[in-house]
Amino acid sequence: MKVKVKFFAILRERAGTGEITKEIREGSTVRELWEILKRDYPKLAPVEMRLLYAVNQDYVNADCVLKELDEIVFVPPVSGG
Amino acid sequence: MFRIIREAIHLQDLVDFVTDPEAGAIVTFIGTTRNNNEGRRVIALDYEAYPEMAEKELARLGEEAKKRWNIRRMAIVHRIGPVQITEPSVIIAVSAAHRADAFEACRFAIEEIKKSVPIWKKEVFEGGEVWIGTQSGQPLSKF
């Protein structure tokens, strides 16, 4: 199945792109997707920061099971204000 | 009014929005770009957001503030893109029947923005640039 991943801020710079479409197997979790992305984009691997996860613009936990066409964002430490 | 915009923020627009005949107080907060941070000479801040989600999260924290305090209306506008020294990056306005509720809800809003709304700032300083943030907080929304 296909999902959309958007990268922001430090993760966008490290990935070298703001948005990708990724083919993953049915039933994959957010955590599994992150592991795949770290292999695809080795510069993401050393990211030691604490990430939050958002699916379709709501925060979820890393065990969230993804569905076809979901939009996933790995949220690096926020710093608005 | 919960918005992410690229242009300058105008305080009066937010004040007009929260003006309410039942209100006896309007509190505003303006976050501005400071010329120094941790000993560095800051040239500008460059903000980025996940705009659709950031606006949803701002609205969510507005709803949460309404549950916790007796407020009338709230407006939050956050700017993205480069923000020069002295310019506002965020403005919050809250109206309430009484001032204590307006002050507390306004304080709550800015603290929550810094914890859980998907907005990031890159500090551009003399000799480099760095993304700011430590992810100290948990989002308000339950998951």
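Residues numbered from 1 in each chain as written. Chains lettered and ligands numbered in written order. Predicted model: local features only at pLDDT ≥ 70, side-chain atom pairs only at ≥ 80, totals over all residues.

Engineer: Sorry, what's going on with the overall build of chain A here?
Structural biologist: Along the backbone of chain A there are 2 helices and 5 strands. In summary, chain A has a C-alpha radius of gyration of 12 Å against a globular reference of 12 Å for 81 residues, a match within 12%. Projecting the C-alpha coordinates of chain A onto the three principal axes gives extents of approximately 35 × 25 × 20 Å. Out of the 81 residues belonging to chain A, those deemed buried represent 36%. By sequence separation, contacts in chain A at least 24 residues apart represent 54% of the contacts at least 6 residues apart. (Helix = DSSP H or I, 4+ residues; strand = E, 2+ residues; numbered from the N terminus. Rg over C-alpha atoms; globule rule 2.2 N^0.38 Å. Buried ≥ 20, exposed ≤ 12 C-beta atoms within 10 Å, placed from the backbone. Contact = placed C-beta atoms within 7 Å.)

Engineer: What's the story with the interface of chain A and chain B in this structure? I'm lost.
Structural biologist: Accessible area lost on assembly of the parts is the figure often given for the size of an interface. With 21 residues of chain A in contact, the opposing surface of chain B contributes 25 residues. Of all the secondary-structure elements, those providing two or more residues to the side of chain A that touches chain B are α1 (9-15), β3 (52-55), β4 (58-60) and β5 (71-75) of chain A. Per-element tally for the side of chain A that touches chain B: the top contributor is β4 of chain A, with 3 residues. Split by residue class, the side of chain A that touches chain B holds 13 nonpolar, 5 polar and 3 charged. (Nonpolar A, V, L, I, M, F, W, Y, C, P; charged D, E, K, R; others polar.)

Engineer: Can you help me understand the sheet that holds β3 of chain A in this one?
Structural biologist: Backbone-to-backbone hydrogen bonds pair the strands of a sheet. The strands run either parallel or antiparallel. Residue and element names in this part refer to chain A. Spatially, β2-β1-β5-β3-β4 is the arrangement adopted by the 5 strands of the open sheet, whose pairing is mixed. Both edges of this open sheet fall to β2 (19-23) and β4, since each of them pairs with a single strand only. Going from strand to strand, the sheet's axes swing by 35° on average, the running direction of each strand aside. With 3 bridges joining them, β3 and β4 adopt antiparallel strand pairing. (Pairing = 2+ DSSP bridges. Axes fitted to C-alpha atoms, helices over the stretch in contact; angles between N-to-C directions.)

Engineer: I would appreciate a short explanation of the environment of Lys-121 of chain B in the present structure.
Structural biologist: Topologically, Lys-121 of chain B is positioned in strand β8 (residues 119-125). If near-sequence neighbours (up to four positions away) are discounted, Lys-121 of chain B is found in contact with Ser-79 of chain A together with Leu-45, Asp-46, Tyr-47 and Ile-132 of chain B.

Engineer: How should helix α2 (residues 30-40) of chain A be read in this particular structure?
Structural biologist: Since the α-helix advances by 3.6 residues per turn, residues separated by three or four positions end up pointing in the same direction. Residues and elements named next belong to chain A. Regarding α2, the residues found buried are Val-30, Leu-33 and Leu-37. The buried residues of α2 all sit within an arc of 55° when viewed along its axis, so they share a single face. Residues of α2 that are exposed and point over 90 degrees away from its buried face: Arg-31, Glu-35 and Arg-39. Against the buried residues of α2 lie β1 (2-6), β3, β4 and β5. (Arc of directions from axis to C-beta.)

Engineer: Got a minute to help me understand the sheet that holds strand β2 (residues 25-32) of chain B in this structure?
Structural biologist: All names here are of chain B. Here 4 strands make up an open sheet; going across it, the order is β1-β5-β7-β2 and the pairing mixed. Of all the strands in the sheet, the pair left with one neighbour each is β1 (2-5) and β2. Across the sheet, the mean angle from the axis of one strand to that of its neighbour is 10°, orientation sign disregarded. The pairing of strand β5 (residues 71-79) with strand β7 (residues 88-96) spans 7 bridges and is antiparallel. Within β7, the position partnered with His-78 by the bridge is Val-90. Packing against the sheet, helix α3 (residues 99-116) makes contact with β2, β5 and β7, and its axis sits at approximately 150° to β7.

Engineer: Could you clarify how one ought to interpret the packing of helix α2 (residues 51-68) of chain B against α3 of chain B in this entry?
Structural biologist: A packed helix pair is summarised by two numbers, namely the angle formed by the two axes and the spacing between the axes. Residues and elements named next belong to chain B. α3 packs onto α2 with a crossing angle of 145° between their chain directions and a minimal axis gap of 10 Å. In terms of crossing hand, the pair formed by α2 and α3 is right-handed. Contacts between α2 and α3 involve Glu-57, Leu-61, Ala-65 and Arg-68 from the former and Ala-105, Phe-108, Ala-109, Glu-112 and Ser-116 from the latter. Along the lines of polarity and charge, the residues of the contact of α2 with α3 split into 5 nonpolar, 1 polar and 3 charged. (Left-handed = near helix turned anticlockwise from the far one by under 90°.)

Engineer: When you look at unusual backbone geometry in this model, what are you seeing that I'm missing?
Structural biologist: Residues apart from glycine generally show negative phi values, whereas peptide bonds are mostly found in trans. Residues and elements named next belong to chain A. If you check the backbone angles, Asn-56 has positive phi at about 50° while not being a glycine. Along the chain, Asn-56 turns up in the loop between β3 and β4. Even without being a glycine, Leu-69 presents a positive backbone phi close to 70°. With respect to the helices and strands, the residue Leu-69 is situated in the loop between β4 and β5. Residue classification places Leu-69 among the exposed positions, given that 11 C-beta atoms sit within 10 Å.

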